[in-house]
Amino acid sequence: ETGVTQSPTHLIKTRGQQVTLRCSSQSGHNTVSWYQQALGQGPQFIFQYYREEENGRGNFPPRFSGLQFPNYSSELNVNALELDDSALYLCASRPSGGRANEQFFGPGTRLTVL
Amino acid sequence: SQQGEEDPQALSIQEGENATMNCSYKTSINNLQWYRQNSGRGLVHLILIRSNEREKHSGRLRVTLDTSKKSSSLLITASRAADTASYFCATDEAQKLVFGQGTRLTINP
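Chemist: Honestly, the environment of Cys-23 of chain B in this entry has me stumped. Any pointers?
Modeler: All names here are of chain B. On the secondary structure map, Cys-23 appears in strand E3 (residues 19-24). Distance from Cys-23 to Lys-70, taken between C-alpha atoms, is 8.5 Å for residues 47 residues apart in sequence. Look past the residues within four positions of Cys-23 in its chain and what remains in contact with it is Glu-5, Glu-6, Leu-32, Trp-34, Lys-70, Ser-71, Ser-72 and Cys-89.

Chemist: How do you make sense of the confidence of the model for chain A when you look at a structure like this?
Modeler: The predicted coordinates ought not to be read in detail in places where the model reports low pLDDT. In the predicted model, chain A carries a mean pLDDT of 92, and 95% of its residues have values of at least 70. Within chain A, the lowest mean pLDDT, 90, falls on strand E10 (residues 104-105) of chain A, and the highest, 98, falls on strand E11 (residues 109-113) of chain A.

Chemist: Just checking my understanding: could you explain the side chain of Gln-68 of chain A for this structure?
Modeler: Residue and element names in this part refer to chain A. Relative to the elements of secondary structure, Gln-68 occurs in strand E7 (residues 64-68). Among the polar contacts listed, one links the side chain of Gln-68 to the backbone oxygen of Asn-30, at a separation of 3.1 Å. Within polar-contact distance, the side chain of Gln-68 engages the backbone nitrogen of Glu-52 at 2.8 Å. Beyond its immediate sequence surroundings of up to four residues, Gln-68 is in contact with Asn-30, Thr-31, Val-32, Tyr-49, Tyr-50, Arg-51, Glu-52, Glu-53, Ser-73 and Ser-74.

Cut-offs and rules
- Residues numbered from 1 in each chain as written.
- Chains lettered and ligands numbered in written order.
- Predicted model: local features only at pLDDT ≥ 70, side-chain atom pairs only at ≥ 80, totals over all residues.
- Heavy atoms only, no water.
- Helix = DSSP H or I, 4+ residues; strand = E, 2+ residues; numbered from the N terminus.
- Contact = heavy atoms within 4.5 Å.
- pLDDT = per-residue confidence, 0-100.
- Polar contact = N/O pair within 3.5 Å; in protein donor to acceptor, adjacent residues only side chain to side chain.

Printed below as a string of structure tokens:
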């Protein structure tokens with residue numbers, strides 16, 4: 001157990017809809033990252049939040065956005081869903097000052113866009 | 001973008017045999033990590049090797065790193081059915097992890 005939880009486990013949406021995925025980090029972990037993993041691929045970095053501010057972003061369009069809350073929870077929001085957004089979404093958290101290789105991953109949310 | 005390639009993409013061996021997976025990367029690194037993923041779920045950190053290390057062991061795992069060739073290998077000895085999973089190498093750059101495409105390992109009883 002990594003102490004990082006995600007909800008929901010699975011989600012089905014239709015193209016054009018909006019979705020919110022949630023992550024709860026370990027206490028004291030004020031840095032959270034989100035990754036998208038398409039089927040058969042490795043995870044790709046979406047963005048990172050530190051103390052409720054985005055401080056790093058991968059090659060993803062603005063319709064991917066996030067929020068981080070003081071209680072160590074965070075959200076990934078995706079607007080105007082496209083078929084290619086179907087993937088496993090992973091969040092990972094680490095304590096302040098921790099390196100990227102010290103982060104703990106949640107079990108993921110499997111999103112299917114029809 | 002993916003950091004590099006992993007080889008092979010899929011590997012199927014008998015229980016008890018050794019499994020070797022390779023990873024190549026593109027940029028200079030401070031360290032490289034290997035992760036395991038069971039059935040499309042969360043990633044489990046297996047081992048980290050620093051750029052100044054050439055080999056590292058952890059239980060049945062042996063990792064090598066060749067920075068001149070920008071490559072790493074993961075050896076799992078005496079494989080077990082529970083080792084069936086996907087294995088990913090990852091490097092960290094600017095606070096994010098950059099993953100390879102992974103090797104899907106199947107251990108046959």
